[in-house]
Amino acid sequence: MPQWNRGMEAAEAAAKAASGTRADWFSLKSGDKAYVRPLTDKDDIIVIDVHMGVPTKKPPKGVKADKWPTQMSAVCQDAEAFQLRDGDGSPTGEYEPGYGQCYIHLHMQDVMGKFKRSVAVPSSQGWGLLVMREPVLDARKKLTGFRDITEEFKDKEGHTHRIPKIVIASQSYSNFWAAFKAAGEMTGTICDRDFSVERVDNDYVISAGRETPDLQPGTPGWPTSTRWR
Ligand SMILES: [Zn+2]
């Protein structure tokens, strides 16, 4: 098994269960602003090498071109997380079966992606889960607080539930996660408050906002994989 945090795996399973099939990605256009509360704490963010914007194969027969992405990102199979560990948990240089022979590294050195950079050169990305939030206004349009954006989820028995909208953020450390981590330094956590995230071209302006005392780890409002399965 890849050697990353168990809590993260549990949270990811919860996210998958939440949207039925798969969780959406966090994405923001330049000029837009979103409000989020992190479910993944600052020390549990997975950092891994990702090949960005890799051209895909042609769509298979019967799949329309507009339903087939022209490029996708891919986690590098040569990432250290996939190496076997010794007794102390240190990577050995040997890979788990099926890893360590990254196709993109081996075959796509000459394929150029964004900014005229080879797609075979991976970028370090941090992965974490966020709940999307929205402002709550009173009758006079005055801001009174924030609440979770919710979506419908159908369980195995066909019952429909309204649950918080959880997204996966795959973002660079310096551009995105560093601001969250810095905000969490004084409280030891980033899961205790809302954040606003604004995109300006390719940069993010991230500000810590109100505390969310009813939605912290250990409270009934905090998700666990067991509650959501
Ligand atoms: Zn690779």
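Refer to the structure above for everything that follows.
What you are looking at is a predicted structure, and each value in this text was computed from that prediction instead of being measured.

### Brief notes about the pattern of salt bridges
1) Next: Tallying each qualifying case throughout the model produces 10 salt bridges.
2) Next: The salt bridge partner of Asp43 is Lys42, with a shortest N-O separation of 3.8 Å.
3) Next: The exposed category is assigned to Asp43, whose relative accessible area is 61%.
4) Next: Exposure remark for Lys42: the relative accessible area of 15% places this residue in the buried category.
5) Next: A salt bridge links Glu152 to Arg162, with the nearest nitrogen and oxygen atoms 3.8 Å apart. Residue Glu152 is located in strand β9 (residues 150-154), and its partner Arg162 is located in strand β10 (residues 160-164); the two are separated by 10 residues in the primary sequence.
6) Next: Arg162 gets classed as exposed once you look at its relative accessible area, which sits at 53%.

### Looking at the coordination of the zinc ion
1) Next: Summarising the metal site, the zinc ion is bound by the protein donors His51 (NE2), Cys76 (SG), Cys102 (SG) and His105 (ND1), whose distances to it range over 2.0 to 2.3 Å.
2) Next: Sequence positions of the residues that donate to the zinc ion give the spacing H-x24-C-x25-C-x2-H. You can see His51 sitting in strand β3 (residues 46-55) and its partner Cys76 sitting in the loop between β4 (71-75) and β5 (83-85), a full 25 residues away along the chain. Accessibility assignment for this pair places His51 and Cys76 in one class, buried.

### Here's the deal with the packing of aromatic side chains
1) Next: Enumeration over the complete set of coordinates arrives at nine aromatic pairs.
2) Next: Between Tyr35 and Phe146, the ring centres sit 4.8 Å apart and the planes meet at 50 degrees, which makes this aromatic pair tilted. Pair noted here: Tyr35 is in strand β2 (residues 33-38) and Phe146 is in strand β8 (residues 143-148), with a separation of 111 residues, a long-range link.
3) Next: Judged by relative accessible area, Tyr35 falls into the partly exposed class, the value being 24%.
4) Next: Measuring from ring centre to ring centre gives 5.5 Å for Trp177 and Phe180, while their planes differ by 50 degrees; the resulting arrangement is tilted.

### Considerations on unusual backbone geometry
1) Next: The phi dihedral of Lys141 falls on the positive side, at around 65 degrees, and the residue is not glycine.
2) Next: Of note, Lys141 is situated in the loop between β7 (123-137) and β8.
3) Next: One non-glycine residue, Asp201, adopts positive backbone phi at about 55 degrees.
4) Next: Here Asp201 is to be found in the loop between β12 (193-200) and β13 (203-211).

### Some words on the nonpolar core
1) Next: Within the largest apolar cluster, 17 residues are counted, with the highest numbers of intra-cluster contacts made by Phe26, Val36, Leu130, Phe176, Phe180 and Val197.
2) Next: Mapped by element, the contributors of at least two residues to this core are β2, β7, β11 (166-171), α3 (173-184), β12 and β13.
3) Next: Among the elements that take part in this core, α3 stands out by supplying three residues, more than any other.
4) Next: Residues within four places of Val197 in sequence aside, it is in contact with Phe26, Leu28, Asp32, Lys33, Ala34, Val36, Phe176, Phe180, Tyr204, Val205 and Ile206.
5) Next: Core analysis: the second largest hydrophobic core is formed by eight residues, Ala23, Val131, Ile166 and Cys191 among them.

### A closer look at the environment of Thr187
1) Next: Locating Thr187 in the fold gives a position in the loop between α3 and β12.
2) Next: What Thr187 contacts, discounting residues up to four positions off in sequence, is Asp192 and Arg193.
3) Next: Polar side-chain contacts of Thr187 include one of 3.1 Å to the backbone oxygen of Thr189.
4) Next: A polar atom in the side chain of Thr187 sits 3.5 Å from the side chain of Asp192.

### Let's talk about the side chain of Gln171
1) Next: Note that Gln171 resides in strand β11.
2) Next: Looking at Gln171, the relative accessible area reads 10%, which means it is buried.
3) Next: Setting aside chain neighbours within four positions, we find Gln171 in contact with Phe26, Gln125, Gly126, Phe176, Trp177 and Tyr204.

Reading guide: rules and limits
Residues numbered from 1 in each chain as written. Predicted model: local features only at pLDDT ≥ 70, side-chain atom pairs only at ≥ 80, totals over all residues. Heavy atoms only, no water. Salt bridge = Lys/Arg side-chain N within 4 Å of Asp/Glu carboxyl O. Buried < 20%, exposed > 50% of the residue type's maximum accessible area, 1.4 Å probe, protein only. Helix = DSSP H or I, 4+ residues; strand = E, 2+ residues; numbered from the N terminus. Donors = N, O, S within 2.8 Å, 3.2 Å for Na, K, Ca; no water. Phe/Tyr/Trp six-rings, centres within 6.5 Å; stacked < 30°, edge-to-face > 60°. Core = buried A, V, L, I, M, F, W, Y, C linked by side-chain atoms within 4.5 Å. Contact = heavy atoms within 4.5 Å. Polar contact = N/O pair within 3.5 Å; in protein donor to acceptor, adjacent residues only side chain to side chain.

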